[in-house]
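Structural overview
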Amino acid sequence: MRPAAVRHRAEAAQLLREAERRTAPVEPLSMTWPALDLADAYAVQQDSVTRRLATLSPLRTSPPLSRQLSATATPDFFATPWHPSS
């Protein structure tokens, strides 16, 4: 991977986090970094999802419910890729 792409991904993710924190819009990332491609967009999205999941607090449940939830084979949440052409 190109070092510039890694740096641009990190900068783009930071820009989006700041925009969300301030609830302010930003220019499309493709205008700021025209070289970003679809893989970069997914990497920025994954960074956002990873950071959000890291801030979630664990469910507070009773022991029987905890055991039942831990036996579940599927996760309670997951990230789904979205593409405008979908």
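To start, this report covers the structure provided alongside it. Bear in mind that the values here come from a model prediction, so they are computed numbers and not experimental data.

What counts, and at which threshold
- Residues numbered from 1 in each chain as written.
- Predicted model: local features only at pLDDT ≥ 70, side-chain atom pairs only at ≥ 80, totals over all residues.
- Heavy atoms only, no water.
- Helix = DSSP H or I, 4+ residues; strand = E, 2+ residues; numbered from the N terminus.
- Buried < 20%, exposed > 50% of the residue type's maximum accessible area, 1.4 Å probe, protein only.
- Contact = heavy atoms within 4.5 Å.
- Areas by Shrake-Rupley, 256 points an atom, 1.4 Å probe, with all protein chains shown as cover.

In terms of regular secondary structure, the chain is built from 4 helices and 0 strands. Out of the 86 residues belonging to the chain, those deemed buried represent 13%. For the chain, the proportion of contacts with a sequence separation of at least 24, taken over those separated by at least 6, is 62%. Summing over all exposed atoms, the chain offers an accessible surface of approximately 7,000 Å²; the carbon and sulfur share of this is 62%.

With that settled, consider the environment of E11. With respect to the secondary-structure elements, E11 resides in helix α1 (residues 3–22). Under the relative-accessibility criterion, E11 is labelled partly exposed at 34%. As for E11 and V44, which are separated by 33 residues in sequence, their C-alpha atoms are 9.2 Å apart.

Turning next to unusual backbone geometry. One non-glycine residue, T23, lies in the positive phi region at around 50°. Assessed through its relative accessible area of 70%, T23 is described here as exposed.

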